[in-house]
Amino acid sequence: MGYFHADKGDKSIVDLSFKGEFDIISVGKAVEIAVASVSSKVNRRPLMNQVVMVREQGSGSRITVK
């Protein structure tokens, strides 16, 4: 699997039915959360409350995992 590059405008994983009507930064955030959530190292996965907080705060937030 390749990496998602929101800063490069990578739209290859977005459903075509959106017809370009989406925020690429929000897509990048969703990908970041998804990748962190399936880390092979349990202690690197975000807690559910962290995921919810990032999604509620929007695209400016970052996940910090200990």
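Going along each chain's sequence as written, the residues are numbered from 1 onward. Where totals are concerned, whole chains, interfaces and linings use all residues; where local detail is concerned, this predicted model gives features only for residues with pLDDT of at least 70, and gives and counts side-chain atom pairs only at 80 or more. The side-chain quantities take in all heavy atoms of the structure and omit both hydrogens and water.

With respect to the overall build of the protein chain
The criterion, for reference: Each helix corresponds to a stretch of at least 4 residues labelled H or I by DSSP, and each strand to a stretch of at least 2 residues labelled E; elements are numbered beginning at the N terminus. For every residue, the accessible area (1.4 Å probe, protein chains only) is compared with the maximum for its type, and the residue is labelled buried under 20%, exposed over 50%, or partly exposed between those bounds. Residue contacts follow a heavy-atom distance rule, with two residues in contact if any of their heavy atoms lie within 4.5 Å. Using a 1.4 Å probe, accessible areas were evaluated by the Shrake-Rupley method; residue-level cover was limited to the displayed protein chains.
Broken down by element type, the protein chain carries two helices and zero strands. Looking at the protein chain residue by residue over its 66 residues, the buried ones come to 26%. Of the contacts formed within the protein chain by residues at least 6 apart in sequence, a portion of 29% connects residues at least 24 apart. Accessible area for the protein chain stands at about 5300 Å²; split by element, carbon and sulfur atoms hold 56% of it.

Digging into the side chain of serine 39
Along the chain, serine 39 falls in the loop between helix 1 (24-37) and helix 2 (48-57). The class for serine 39 is buried, based on a relative accessible area of 18%. When residues no more than four places from it in sequence are discounted, the contact partners of serine 39 are Arg44 and Arg45.

A word on the packing of helix 1 against helix 2
To be explicit about the condition: Only the contacting stretch of a helix is used when fitting its axis, a line to C-alpha atoms as for every element, and angles between N-to-C directions run 0 to 180 degrees. Here roughly perpendicular refers to angles of 65 to 115 degrees, roughly parallel to angles under 35, roughly antiparallel to angles over 145, and oblique to all remaining angles.
Put simply, helix 1 and helix 2 touch, their axes get as near as 11 Å, and they point 175° apart. When the axis of helix 1 is compared with that of helix 2, the two are roughly antiparallel. Residue-level contacts link Ser26, Lys29, Ala30, Ile33 and Ser37 of helix 1 to Val51, Val54 and Arg55 of helix 2.

Description of the pattern of salt bridges
We apply this condition: Criterion for a salt bridge: a side-chain nitrogen of Lys or Arg within 4 Å of a carboxyl oxygen of Asp or Glu.
With the rule as written, the count across this model stands at one salt bridge. The closest approach of N and O atoms between glutamate 32 and lysine 29, which form a salt bridge, is 3.2 Å. Of the two residues, glutamate 32 and lysine 29 both sit in helix 1, three residues apart, roughly one turn of that helix.

Let's talk about helix 1
Worth spelling out the cut-off: The span you would expect from a helix comes to 1.5 Å times its residue count less one.
Under the 1.5 Å per step criterion, the end-to-end length of helix 1 is 20 Å for 14 residues, consistent within 8% with the ideal 20 Å. Restricting attention to buried positions, one finds in helix 1 the residues Ile24, Val27, Gly28, Lys29, Val31, Ile33 and Ala36. At its buried positions, helix 1 is contacted by helix 2.

Quick look at the environment of arginine 45
As a reminder of what qualifies: Here a polar contact means two N or O atoms within 3.5 Å. Within protein one must be a hydrogen donor candidate and the other an acceptor candidate, and residues neighboring in sequence count only if both atoms are side-chain atoms.
With respect to the secondary-structure elements, arginine 45 resides in the loop between helix 1 and helix 2. Among the residues examined, arginine 45 registers a relative accessible area of 33% and is labelled partly exposed. For arginine 45 and valine 35, which are 10 residues apart along the polypeptide, the C-alpha to C-alpha distance reads 8.8 Å. Among the polar contacts listed, one links the side chain of arginine 45 to the backbone oxygen of serine 39, at a separation of 2.8 Å.

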